[in-house]
Amino acid sequence: AESERTGSRHAASEEEMKRAARNYDRHTRKAEAYEDKIDSSLTHLVSIEELRYRREREAAQQRAKVEELRERMVDLPSEEEVEEVYAKATADMREVRAELTKIKREAGNISDRMKALKEGARKAQGKLDRMNDDRARRNERIFRQNVKLAQTFEWIDQNRKMFRRRVWGPIVCEIQTETADVSAFVEQHVPYRCLVMYVVECEEDSNLLYREVRQKRNLPINISIVPLGRLEPVRHIYSHEKMDMLKRDHGILGVLEDQFVVPDPVLQVLRNEASVHAVLVGSDKTQESIDKQGLMDMLSAPGSRGGRMQQACVFTKHMNHFYKYTNNVSRYSGKTSMRVDDISQARMLAPGVSEDQKAAAEREVEKLGREIEELAPKEEEINKRYLGLQEEGQEIQRSLTEAKTAKTNLKNSQARLANARRKLEELEEAAASDSVEEKNVIIADLKKYSGCSIGELESAAQQHTVLMKNTYTLAGIKMTEDGLTATTRRLKEKLSEKKAESSSLEVEVTRAASDLKDAKKDLADFKAQAEEIAPMTDELKAKLIELPASLEEVDAALEEAAEKVDSIHDNPEVLVQYEKRKRQLAQIRDELENLNETQSNKRIQLETIKKNWEQALVNTIEKVNTLFAEYMAELGCAGEVSLRNGGEQENNRGDDNIPFYNFPEWGIEIRVKFRQESKLQVLSARVQSGGERSVSTIMYLMALQGLMVCPFRCVDEINQGLDERNERLVFKRIVLNSTKPPNGSSAPHQHSGQYFLITPKLLPNLTDIENEDVTVLCILNGPYNFKHFSDWDVDKFLGLRKHALRDTCHAGNQLSPNEEEEEENERTSRGGGTPQRKKRKTNS
C-alpha cells in the first residue's frame, strides 16, 4: 500500500513539474520575441537618419550620370538613319535566304539520289559477289534447311585439329556438278542418309567424331570410313566394247560417277552406298531405245557365259522430262521387274543461284553505275552555286548585324537616359520628405514591446519557482521509492529460495511414494509366488514361526542342511533313473547314425542327377551362345550367353561333407556390346537403351527357336523402337529362322512352327517379305468397314474403277497411265506374262 501511495504522489508531482516547465518555456519564448522586436525598432530608428544622408549622396551621383548619358546621345546617329540601314539589310538577307533554300533543296534532292544510287550499287555488287560464290550459297541453303547438320558441320570445322586425318563432308557439300540435270540425277539416286554422311580416313577419327557429336552433343550423324582415303579399283559391269556400243547405238553418255566431281574418299563411299559407277546416264535417244528396242532387257540379260539376270539402272531424257528406269531381279524367281521414276528438279544439289538471277544482278549493277555517272556533274554544279550564295549571304549578314547593333545601342542609350532621370526624381523626392512622424511611431512601438517583455519575464519567473518546488518534492519521492524497491527485491529473493526448497522436498516425497508403490507391488508379487509354491496353511504358519528370525540364524541353518546332504551315501532310485537315461541315449545315437547314412545315399544320388542335368544345360547354352553370337555379329555388334552358377549355400549344420546348392540363384546371363570401344556388359535396363534391349531379346529368342519344339510363336511390337538398319536385319533374321525347315529336312510335315509378328507398321521395301512362306494379314476395324467378308469383291472394284476412268479420259480410246498399269497388273495376276513397263511416280 505504501508503495502504491508513493507511486501516485510521484506521478502527480511529475505531471505538475512538466506543466510548469511548459509554461516557463512559453513565457520565455514570448519575452525573447519582444526583445527581437525592440532590437529591430532600435535599428530602424538609427537607420532613418543614415538613410536621409545616403539618399542625398545618391541624388548627387545620379545627376552626374544623367549629364554623362546626355553627352553620349549627341555622338550617336539618328533613329531614322538606323531604321533605313536595318530595313535594307533585312530585305537583302530575305532574298538570299530564299535563293539558298531553293538551291539547298535541289542539292539535297540530288545528294539523296546520289546516296541512294551508291548504296544500291554497293548492295547490288555485294549481292552479285555472293551469287558468284555458288558453292557457299548452296551450302547455306542446305544448312538452313537442316539445322542439326549445320551444328555438326560447325563443330567439325572449328575442331579439325583434333583429327588425325582430314574429315570430308557432308557428302552433299562435296559434290560439284556442271548441270542441273546431273544434280537431279545424283540427288534422286543417292539415299538421303548418304548425302548427309561424313567421311573419315581412319577408325580413330570415326570414334572421336561419334563420341563428340553423337554421345556428348546428342546430334545425329552418319559416318563412313575410307582407310587412308584411298580409292579402290572398281570392276565395271559393262565392258569397254559394250559401253562403246551403248554410246553409239543408244545415246548413253556414260556412268553417273563421270558426270560430277568429288574427292576420292567421297567417291569411294558413293560407290559403296549408291553404286554410282554402275548407273548409266542417257539422252533422248536412250529413251527411244528403251521404248522401241528393249534396252532395259538387254542391259539385264545374263552375260555371254550365262548366269543370273543382273540389275540395271538408267537415267533418260524425253521432251525436257527426265526418268529413271530400274530393273530389279527377284531373289527367289530370278525374274526382273522394271520401275520408272519421274525425276524432279534437285533441291539440295541445285545451284545456289540461277543464271537468270546472276544476269539480272549484273544488269542492275551496270544500270546504277550509269545513273551515278550522269548525276555527278549536276551535283558538282549545284554545290558551287550553293557555296557562292553562302558567301554572299555571310556579307549581308555582317551588314545586318552591324545595323541591328546600332539600332540596339540607340534604344539602350535612350532607355538608360530615361531610367536615370526617373531615378533622380525619386531620390530628390525621398531626400526632401520629413521623417519625424516615422520616428514617433517607432518610439511608441519600443515602449509597448518593453512592457510586454517585462510581463512575460515575470510570469516565467513564477513558473520557474513552481518548477523547482516540484523538483525537490519529486527527488524526495524518488528516494523513498528506491528504498521500497530494495526491500521488495530482498523479500522476493527469500521467497524464491523457499520455493526452491519446497520443490526439492516435493521431488523427494514423490520419489519416496514411487519407491513405496514399487516395493508394495514387488511384495505382492513375491507373496503371490509364495502362495502358489507353498499355500499358507496352519502347519506352514507354525513352521514359519519356528524359522530363524535373523540372517545369521539362516546361514547357520543352511550349513546344517548341507552337512546332512553330504552325509547321504546311497540312493537306489537314482541309479535306476541313470540306467534308463543311458539306454535312451544309445537308442537315439543309433537312429542318428541311420539318418546320416540315408542322407549320404541321397546326396550321392543328387550329385549324379545334378551332374547329368548340368552337363545337358551347359551343352544347350553353348549352342544358344554360338547362334546368339553369330546373329549379333550380323548386326555389327557382339554378344554371348552364359550360365550363372549360384554356387553353394553356407552349411550351418556342422557337417562339412554335405554342401547345400543354391539353385534359386542359378540363371542365364546375356552379355552384349553395341559399340566397338565398349566391353561386353550384362543386358540391363540401366545400361542399354530400349532399342538395344529389343534387338538383344529377339536375337536370343531366335537362338532358342531351333532348340525348342513349338506349334506357333507370337511376339507383339518387337520391332518398335529400332532404327531402320536394325529393324531390317531383325526382320530378315525372323524370316530366315521361321521359314527354314528343321534339321535341313524339306518334308512337308517338317516345319519350324508358325510365327506371328504383331506390329502397327513395317518398313517399306522389305525384300524378305517376298518369301513364299510369309503372309501379311491386315486387321481393319471401324464403323465404315464391310459388314461381311464376302462383300470384298476385287473384280467388282476393278470394273467400277475402269468405268470411271473411261468416262474421264480425254484421249478417246487411249487408256490413261493408271488404267494401263491396272491392266498390266491384272494380266500378271492371271498369268499373262511379265509386263514390259511398270510406271510408278515417286517424289524425289
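Residues numbered from 1 in each chain as written. Predicted model: local features only at pLDDT ≥ 70, side-chain atom pairs only at ≥ 80, totals over all residues. Heavy atoms only, no water.

Engineer: Can you explain the overall build of the chain? Please cite residues and give values.
Structural biologist: Scanning the chain for helices and strands turns up 21 helices and 16 strands. Buried residues in the chain amount to 28% of all 844 residues. Residue pairs in contact within the chain that sit at least 24 positions apart in sequence constitute 73% of those at least 6 positions apart. On the chain, roughly 58,600 Å² of surface is accessible, and the fraction owed to carbon and sulfur atoms is 52%. (Helix = DSSP H or I, 4+ residues; strand = E, 2+ residues; numbered from the N terminus. Buried < 20%, exposed > 50% of the residue type's maximum accessible area, 1.4 Å probe, protein only. Contact = heavy atoms within 4.5 Å. Areas by Shrake-Rupley, 256 points an atom, 1.4 Å probe, with all protein chains shown as cover.)

Engineer: Tell me about the packing of helix H9 (residues 240-250) against helix H11 (residues 284-293), and name the residues and values.
Structural biologist: Two packed helices can be described by the angle between their axes and the distance between those axes. H11 packs onto H9 with a crossing angle of 90 degrees between their chain directions and a minimal axis gap of 9 Å. When the interaxial angle is binned, H9 and H11 end up roughly perpendicular. Seen from H9, the contacting residues are Arg-248, Asp-249 and His-250; seen from H11, they are Lys-285, Thr-286, Ser-289 and Gln-293. Residues belonging to the contact of H9 with H11 are distributed by class as follows: no nonpolar, four polar and three charged. (Axes fitted to C-alpha atoms, helices over the stretch in contact; angles between N-to-C directions. Parallel < 35°, antiparallel > 145°, perpendicular 65-115°, else oblique. Nonpolar A, V, L, I, M, F, W, Y, C, P; charged D, E, K, R; others polar.)

Engineer: Explain the packing of aromatic side chains to me, using residue names and the numbers behind them.
Structural biologist: With the rule as written, the count across this model stands at six aromatic pairs. One aromatic cluster is present, formed by Phe-185, Phe-315 and Phe-322 through successive ring pairs. When the ring centre of Trp-168 is taken as origin, the NZ or CZ atom of Arg-166, which lies over that ring, is 3.9 Å away. (Phe/Tyr/Trp six-rings, centres within 6.5 Å; stacked < 30°, edge-to-face > 60°. Lys NZ or Arg CZ within 6 Å of the ring centre and 35° of its normal.)

Engineer: I'd like to hear about the pattern of salt bridges, residue by residue, with values.
Structural biologist: Enumeration according to the criterion identifies 18 salt bridges in this entry. Note that Glu-273 and Arg-193 form a salt bridge whose closest N and O atoms lie 3.0 Å from each other. Taken together, the residues Glu-273 in helix H10 (residues 264-274) and Arg-193 in helix H7 (residues 192-195) connect sequence positions 80 residues apart. The class for Arg-193 is partly exposed, based on a relative accessible area of 44%. Bridged by salt links that share partners, the residues Glu-212, Lys-216 and Arg-217 form one connected network. (Salt bridge = Lys/Arg side-chain N within 4 Å of Asp/Glu carboxyl O.)

Engineer: Account for helix H8 (residues 203-216), with residues named and values stated.
Structural biologist: With 14 residues, H8 extends 18 Å between its outermost C-alpha atoms, agreeing within 8% with the 20 Å of an ideal straight helix rising 1.5 Å per residue. The principal kink in H8, of about 25 degrees, is found at Tyr-210. Taken together, the buried residues of H8 touch helix H4 (147-158), strand S2 (197-200) and strand S3 (222-225). Phi for Asn-218, located one or two positions after H8, is positive at around 55 degrees. (Expected span 1.5 Å × (residues − 1). Bend = angle between axes of the 7 residues up to and from the residue.)

Engineer: Give me helix H6 (residues 180-189): which residues, what numbers.
Structural biologist: Of all ten residues making up H6, eight are buried, and the element is well covered by its neighbours. Along H6, the positions that sit buried rather than exposed are Val-182, Ser-183, Ala-184, Phe-185, Val-186, Glu-187, Gln-188 and His-189.

Engineer: Before we move on, could you go through the nonpolar core and cite the residues and values that matter?
Structural biologist: Ile-171, Ile-175, Leu-209, Leu-256, Phe-260 and Leu-270 are the most contacted members of the largest nonpolar core, which has 49 residues in total. In terms of residue count, H10 provides more of this core than any other element does, five residues in total. The residues touching Phe-260, leaving out its near neighbours within four places in the chain, are Ile-175, Gln-176, Thr-177, Val-182, Val-186, Leu-270 and Val-276. In terms of nonpolar packing, the next biggest core, distinct from the first, is built from 23 residues, Phe-628, Cys-637, Phe-674 and Tyr-755 among them. (Core = buried A, V, L, I, M, F, W, Y, C linked by side-chain atoms within 4.5 Å.)

Engineer: How would you summarise the side chain of Ser-224 if you had to cite specific residues and measurements?
Structural biologist: Along the chain, Ser-224 falls in strand S3. Of the residues examined, Ser-224 reaches a relative accessible area of 13% and is grouped as buried. Not counting residues within four places of it along the chain, the set of residues in contact with Ser-224 comprises Met-197, Tyr-198, Val-199, Val-200 and Val-269.

Engineer: Report on the layout of surface pockets, specifying residues and quantitative values.
Structural biologist: One number sums up the size of the second largest pocket: a volume of about 950 Å³. Tyr-755, Phe-756, Leu-757, Val-774 and Thr-775 are the residues nearest the centre of the second largest pocket, which is lined by 29 residues in total. Those elements that provide at least two residues to the lining of the second largest pocket are helix H19 (724-739) and strand S16 (754-758). Here the lining of the second largest pocket is composed, by residue class, of 17 nonpolar, nine polar and three charged. (1 Å grid on protein atoms, 1.4 Å probe; cavity = no way out; pocket = protein on both sides within 12 Å on 5 of 7 lines; lining within 4 Å. Points joined across faces, edges and corners; volume = space filled by probe spheres on them.)

Engineer: Could you give an account of the sheet that holds strand S13 (residues 667-673), with specific residues and numbers?
Structural biologist: Spatial ordering of the open sheet is given by S10-S13-S14, a layout of three strands whose pairing is antiparallel. Unpaired on one side and paired on the other, strand S10 (638-644) and strand S14 (681-682) mark the two borders of the sheet. Pairing analysis gives seven bridges linking S10 to S13, with the strands arranged antiparallel. When the sheet's bridge partners are listed, Val-641 is paired in S13 with Ile-670. (Pairing = 2+ DSSP bridges.)

Engineer: Just give me the short version of the side chain of Gln-188, but keep the residues and values in it.
Structural biologist: Position of Gln-188 among the secondary structure elements: in helix H6. Side chain to side chain, Gln-188 and Lys-324 meet in a polar contact 3.2 Å long. (Polar contact = N/O pair within 3.5 Å; in protein donor to acceptor, adjacent residues only side chain to side chain.)

Engineer: Go over empty space enclosed by the protein, please, and point to the residues and values.
Structural biologist: For the coordinates displayed, the defined rule picks out two cavities of 30 Å³ or more. Of the volumes computed, that of the largest cavity is approximately 50 Å³. Ranked by residue count, the leading element in the lining of the largest cavity is H19, at three residues. Class assignment for the residues of the lining of the largest cavity results in five nonpolar, one polar and one charged.

Engineer: Please set out the sheet that holds strand S4 (residues 254-255) residue by residue, giving values where relevant.
Structural biologist: The strand order across the open sheet formed by five strands is S4-S6-S7-S8-S9, and the pairing between neighbours is mixed. In this open sheet, the two edge strands, each paired with only one partner strand, are S4 and strand S9 (336-342). As paired strands, S4 and strand S6 (residues 280-281) are joined by two bridges and run antiparallel to one another. For Gly-254, the partnering residue across the bridge sits in S6 and is Val-281. Set on the sheet, H11 makes contact with strand S7 (312-318) and strand S8 (321-329); between it and S7 the angle comes to about 115 degrees.

Engineer: Which residues make up the packing of H4 against H8, and what values go with them?
Structural biologist: Contact geometry of H4 with H8 gives a least axis separation of 11 Å together with a crossing angle of 130 degrees. Comparing the axis directions of H4 and H8 gives the class oblique. You can see that H4 and H8 cross each other, and the crossing is right-handed. Contacts between H4 and H8 involve Thr-152, Trp-155 and Ile-156 from the former and Leu-209, Glu-212 and Val-213 from the latter. The residue inventory of the contact of H4 with H8, partitioned by class, reads four nonpolar, one polar and one charged. (Left-handed = near helix turned anticlockwise from the far one by under 90°.)

Engineer: So, a nonpolar patch on the surface: which residues are in play, and what are the values?
Structural biologist: Together, Phe-712, Phe-756 and Ile-758 make up a nonpolar patch on the protein surface, roughly 280 Å² of accessible area in all. Within the fold, Phe-756 resides in strand S16. Residue classification places Phe-756 among the partly exposed residues on the basis of a relative accessible area of 37%. (Patch = residues over 30% accessible without salt bridge, like charges linked within 9 Å, V, L, I, M, F, W, Y side chains within 5 Å.)

Engineer: Tell me about unusual backbone geometry, and please be specific about residues and values.
Structural biologist: For residues besides glycine, phi is generally negative; the peptide bonds are generally trans as well. With an omega of 0 degrees, the peptide bond between Gly-169 and Pro-170 qualifies as cis. In this model, Ser-275 sits at a positive phi of 55 degrees, which is unusual for a non-glycine residue. Phi angles above zero are rare outside glycine, and Asn-765 is one such case at about 60 degrees. Relative to the elements of secondary structure, Asn-765 occurs in the loop between S16 and helix H20 (794-808).

Everything listed here is a matter of coordinates, which is why it stays silent on function.
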